[in-house]
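# Structure assessment
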Amino acid sequence: MIYTITFNPSIDYMVSVDHFKLGTVNRTSQEYLLPGGKGINVSIVLHNLGIDSTALGFIAGFTGKEIENRVTNDFGVQCDFIDVENGYSRINFKLKSDEESEVNGNGPMINKEHIDKLYNKLSCLQAGDILILSGSIPKCLSDDIYSEIMEKLTDKNIEIVVDATGDLLMKVLKHKPFVIKPNNHELAEMFHVKLFGTQDIVKYAKKLQEMGAKNVLISMAGDGALFICENGKVYFSNAPKGQVKNSVGAGDSMVAGFVAGYEKTKDYVQAFRMGVATGSASAFSENLATASEVEKLLQEIKEVEYEY
Ligand SMILES: Nc1ncnc2c1ncn2[C@@H]1O[C@H](COP(=O)(O)OP(=O)(O)O)[C@@H](O)[C@H]1O
Ligand SMILES: O=P(O)(O)OC[C@H]1O[C@](O)(COP(=O)(O)O)[C@@H](O)[C@@H]1O
């Protein structure tokens, strides 16, 4: 079974404004609401690709109820959220104009009792399960939390995928996550460096592998992706060309595509190709990728082994 955990689910308020101007009243040309949060998006895309998962995490208030309702009823994902019963799940503002901008909220308080409830649910995980830890955590929690979860599951033979950044990600490396997926900007921030070109990106991605990650996926939006594989090889893939309609969730879709590809083939290169195609299929759609959209783009993926 596959489980995702979203510590900080959201309602994503998607707003389009023609030529947004800061400091004036702007009017929307389009607006809609989507349930969001990285693990939730991964579960939705897995479902679209024909793979079941259970979405775990924390919700609160009327927004939390709406997230749960939409994820379950509109997207067919099985949810097992913990209601923290104070505050409300965040509303993240996604502005599409001449450029794309995002404002992501902080999220409700999660206390020890809620974390214990999560650990209780995680105690049911079994050997061979996959757990995906995705996204930010509310400020009230320590950035050791992903590492603590991994530590608790150490001897259970569960593959753990982590899509996070900063110390939240750095601190899990010692537990040897199966895959991590920072984007190239997050990679640079984590090492406090500026990265110039592929060679540089590979150098720092390899450091994450040396620090413990088995596999490292580096997404680079329209510039494609790199895959530092546990077999010692490095692969680069182009991103297919197309019209970007909404790149929110492209990274989550890449994670879902990789996991789906690996589940189906147990082949890293196939998983990488699926990851890139799924990320791009979401970027080229208002909504998250569907199986047929991914299938079409798969033919355009041309990965090459990158000589480092
Ligand atoms: N403009 C784009 N054109 C084509 N593919 C894209 C584009 N933006 C994202 N993607 C696809 O989605 C993947 C993840 O996107 P990225 O923006 O790097 O992730 P994140 O959302 O985590 O920052 C990329 O590797 C690529 O395959
Ligand atoms: O937990 P974070 O890092 O604040 O990110 C939450 C946001 O990320 C998303 O899951 C999209 O993520 P990506 O664009 O990186 O795939 C949104 O749905 C959500 O608003």
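Refer to the structure printed above.
Below, the structure is looked at part by part. Just so you know, these numbers come straight off a predicted model, no measurement behind them.

The next thing to look at is the sheet that holds strand 7 (residues 100-103). Within the open sheet, the four strands sit side by side as 3-2-6-7. Their pairing is mixed. Both edges of this open sheet fall to strand 3 (30-36) and strand 7, since each of them pairs with a single strand only. Across the sheet, the mean angle from the axis of one strand to that of its neighbour is 20°, orientation sign disregarded. Inspection of the sheet shows strand 2 (residues 10-16) paired to strand 3 by seven bridges, in the antiparallel sense. From the neighbouring strand, Ser-16 faces strand 3, where its bridge partner is Gln-30.

The strands making up a sheet associate through hydrogen bonds between their backbones, and the pairing can be parallel or antiparallel. The ten strands are arranged 5-4-1-8-9-10-11-12-13-14 in an open sheet whose pairing can be described as mixed. At either margin of the open sheet sits one strand with a lone partner, and together these are strand 5 (78-83) and strand 14 (303-305). Strand direction decides the pairing type here: strand 10 (residues 179-180) and strand 11 (residues 215-219), joined by two bridges, are parallel. By the bridge assignment for strand 11, Ile-180 is matched with Val-216. Helix 9 (residues 268-283) contacts strand 11, strand 12 (225-228), strand 13 (234-237) and strand 14 of the sheet and is inclined by roughly 30° relative to strand 13.

Before going further, it helps to examine the site of ligand 1. Of all residues adjacent to ligand 1, which total 17 residues, the nearest are Ser-219, Gly-222, Ala-250, Gly-251 and Gly-279. For the shell around ligand 1, the secondary structure elements donating two or more residues are helix 8 (250-265) and helix 9. Considering every element that reaches the shell around ligand 1, the biggest residue donor is helix 9, with four residues. Its residues assigned to classes, the shell around ligand 1 shows nine nonpolar, eight polar and no charged.

Ile-132, Leu-133, Tyr-146, Val-162, Leu-226, Phe-258 and Val-259 are the most contacted members of the largest nonpolar core, which has 80 residues in total. Looking at this core, the element that brings in the most residues is helix 8, giving eight residues. In this structure, this core is formed jointly by two domains, domain 1 (1-20 + 30-164) and domain 2 (178-308), each of which donates at least three residues. Among all residues touching Val-162, those that are not within four sequence positions of it are Leu-133, Tyr-146, Leu-169, Val-172, Pro-177 and Ile-180.

The subject of this paragraph is the pairing of strand 12. Of the two faces of strand 12, the one carrying Ala-225 and Phe-227 and the one carrying Leu-226 and Ile-228 are both buried. Pairing of strand 11 with strand 12, which is carried by four bridges, proceeds in the antiparallel orientation. Note on strand 12: the bridge partner recorded for Ile-218 is Leu-226. Where strand 12 lies against strand 13, four bridges are found, and the strand directions are antiparallel. The partner of Leu-226 across the bridge, within strand 13, is Phe-236.

Basis of the calculations
- Residues numbered from 1 in each chain as written.
- Chains lettered and ligands numbered in written order.
- Predicted model: local features only at pLDDT ≥ 70, side-chain atom pairs only at ≥ 80, totals over all residues.
- Pairing = 2+ DSSP bridges.
- Helix = DSSP H or I, 4+ residues; strand = E, 2+ residues; numbered from the N terminus.
- Axes fitted to C-alpha atoms, helices over the stretch in contact; angles between N-to-C directions.
- Contact = placed C-beta atoms within 7 Å.
- Near = placed C-beta within 6 Å.
- Nonpolar A, V, L, I, M, F, W, Y, C, P; charged D, E, K, R; others polar.
- Core = buried A, V, L, I, M, F, W, Y, C linked by C-beta atoms within 7 Å.
- Buried ≥ 20, exposed ≤ 12 C-beta atoms within 10 Å, placed from the backbone.
- Domains from an automatic or database assignment.

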